[in-house]
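Residue-level structural notes
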Amino acid sequence: MSESLQVVFAVIVLTITILLMVLAVGALVLVNTRRRLKHRADMEEAARRRQQEVLLAEREAIKQTLNHIGSELHDNVGQLITSAQLAVYGLRSRVSDTDRMDAAEEAIDRVHHEVRRISHGIMADMWHRRTLAEAIQDEAERIERVVRQPVMISIADEPRRLDPDASTILYRVFQEAVNNALKHSKASRITISLHHGPPFRIEVADDGRGFDPAGIAGHAGLSTIRHRCELIGFDAVCATAPGQGCRWTFTERMPQRAE
């Protein structure tokens, strides 16, 4: 073999060796990168699972605490109020001021009703005791009684119970929409419509000043409400503009029919 061929052969061998080394190093780097990514993903998954466990534990603890408080209000405090009612009723024949007795009886009746409402509202199994429509009606009555804000409410179709989690989230976003109207809209009236469907639909409208949906302050609230509705398969639509009031619509998504 001539000297020139030997040089060419040596260059080829050296080149192949270098390429193999580069490929080997690249393969090692790739394997190491994949291992690091997998380890990071495993760590993130473990952290996510830990966070879920913590949130679940906190949720269970809160539910137990609320259930206990609700039971105490419903049973013990309710019994005390009932005893007070009986005592007032027993004094009626001995007291000449009937107007004051009527006022005392009415006050005790209101307290009894309010304690029952609060206890049912915070107990964990609240949706086994009342429907979402009943909870919305109670909230509308509370707003008219406490806030002195006129509320028009209409309920259509045959009553239909939703999943407890869906009922809870819908009730919370309904409350948020109503609270926003009470705080910011300066409305003279709030209108609530509930359609059992299907599809299930809740509308919360006010005749207030409205707002620009593109505004930063409003956008954050819109995203939160929409995200919560996404979790339960509902669409949340907000129709508003400055000076034109605000209307929230929460609509159940219906499964697509196969053609």
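Here goes a summary of the coordinates provided. Worth saying up front: this structure is predicted, and the values here are computed from it rather than measured.

Let us now look at the overall build of the protein. Helix and strand counts for the protein stand at six helices and five strands. Counted from the first residue to the last, the protein has its helices and strands arranged as α-α-α-α-β-α-β-β-α-β-β. In the protein, which comprises 259 residues, the proportion classed as buried is 26%. A sequence separation of at least 24 residues applies to 64% of the contacts in the protein between residues at least 6 apart.

Right, let's get into the sheet that holds strand β1 (residues 151–156). Strand order across the open sheet formed by five strands is β1-β2-β3-β5-β4, with mixed pairing between neighbours. Sheet topology places β1 and β4 (234–240) at the edges, where each strand pairs with a single neighbour. Between one strand and the next, the sheet's axes are offset by a mean angle of 10°, whatever the strand orientation. With six bridges joining them, strand β3 (residues 201–206) and strand β5 (residues 246–252) adopt antiparallel strand pairing. Across the sheet, A205 pairs through a bridge with R247, a residue of β5. The strands touched by helix α4 (residues 132–147) are β1, β2 (190–195) and β3; relative to β1, the strand with the most contacts, the crossing angle is about 165°.

Let us look at the pairing of β2. Pairing of β1 with β2 involves six bridges; the strand directions are parallel. Bridged to V151 within β2 is I190. Read as a crossover between parallel neighbours, the route from β1 over helix α5 (residues 164–185) to β2 is left-handed. Pairing between β2 and β3: six bridges, direction antiparallel.

Turning to the packing of aromatic side chains, a few remarks are in order. On inspection of all chains with the given rule, the structure shows three aromatic pairs. Pairing F200 with F234 gives two aromatic rings, centres 6.5 Å apart and planes at 70°, and the pair type is edge-to-face. Linking F200 in the loop between β2 and β3 with F234 in strand β4, this pair joins segments that are 34 residues apart in sequence. The same class applies to F200 and to F234, which are both buried.

One finds L132, L170, I202, W248 and F250 to be the most contacted residues of the largest nonpolar core, which totals 32 residues. Taken together, the elements giving at least two residues each to this core come down to α4, α5, β2, β3, α6 (216–231), β4 and β5. Top element by residues in this core is α5. It accounts for eight residues. Setting aside chain neighbours within four positions, we find L132 in contact with W127, L162, S167, L170, Y171, F200 and I202.

Quick look at a nonpolar patch on the surface now. On the surface, V8, I12, I16, L20 and L23 cluster together into a nonpolar patch covering about 480 Å² of accessible area. Tracing the sequence through the fold places V8 in helix α1 (residues 3–91).

Moving on, we come to the pattern of salt bridges. Enumeration over the complete set of coordinates arrives at eight salt bridges. Residues R142 and E139 are paired through a salt bridge, measuring 2.8 Å at the closest nitrogen-oxygen approach. One end of the pair is R142 and the other is E139, both in helix α4 and three residues apart, which spans about a single turn. Residue classification places E139 among the buried positions, given a relative accessible area of 7%. Notably, a salt bridge pairs E203 with R201, separated by 3.2 Å at the nearest N-O pair. Taking relative accessible area as the criterion, E203 reaches 16% and is therefore assigned buried.

For the rest of this paragraph, the subject is the environment of R172. Counting through the fold element by element, R172 comes out in helix α5. For the pair R172 and I225, spaced 53 residues apart in sequence, the C-alpha separation works out to 9.1 Å. A distance of 2.9 Å separates a polar atom in the side chain of R172 from a polar atom in the side chain of Q175.

With 22 residues, α5 should reach 32 Å at 1.5 Å per residue; the first-to-last C-alpha distance of 30 Å fits that figure. Immediately downstream of α5, the backbone of K186 shows phi near 55°, a positive value.

On to the packing of α4 against α5, then. It is at 11 Å that the axes of α4 and α5 come closest, and there the two elements cross at 25°. By the angle between their directions, the pair α4 and α5 is classed as roughly parallel. At the point where α4 passes α5, the crossing takes the right-handed sense. Residues L132, A135, I136, E139, I143 and V147 of α4 form the contact with α5, whose own contacting residues are S167, L170, Y171, F174, Q175, V178 and L182.

Conventions and cut-offs
Residues numbered from 1 in each chain as written. Predicted model: local features only at pLDDT ≥ 70, side-chain atom pairs only at ≥ 80, totals over all residues. Heavy atoms only, no water. Helix = DSSP H or I, 4+ residues; strand = E, 2+ residues; numbered from the N terminus. Buried < 20%, exposed > 50% of the residue type's maximum accessible area, 1.4 Å probe, protein only. Contact = heavy atoms within 4.5 Å. Pairing = 2+ DSSP bridges. Axes fitted to C-alpha atoms, helices over the stretch in contact; angles between N-to-C directions. Right-handed = clockwise from strand over helix to strand, strands pointing away. Phe/Tyr/Trp six-rings, centres within 6.5 Å; stacked < 30°, edge-to-face > 60°. Core = buried A, V, L, I, M, F, W, Y, C linked by side-chain atoms within 4.5 Å. Patch = residues over 30% accessible without salt bridge, like charges linked within 9 Å, V, L, I, M, F, W, Y side chains within 5 Å. Areas by Shrake-Rupley, 256 points an atom, 1.4 Å probe, with all protein chains shown as cover. Salt bridge = Lys/Arg side-chain N within 4 Å of Asp/Glu carboxyl O. Polar contact = N/O pair within 3.5 Å; in protein donor to acceptor, adjacent residues only side chain to side chain. Expected span 1.5 Å × (residues − 1). Parallel < 35°, antiparallel > 145°, perpendicular 65-115°, else oblique. Left-handed = near helix turned anticlockwise from the far one by under 90°.

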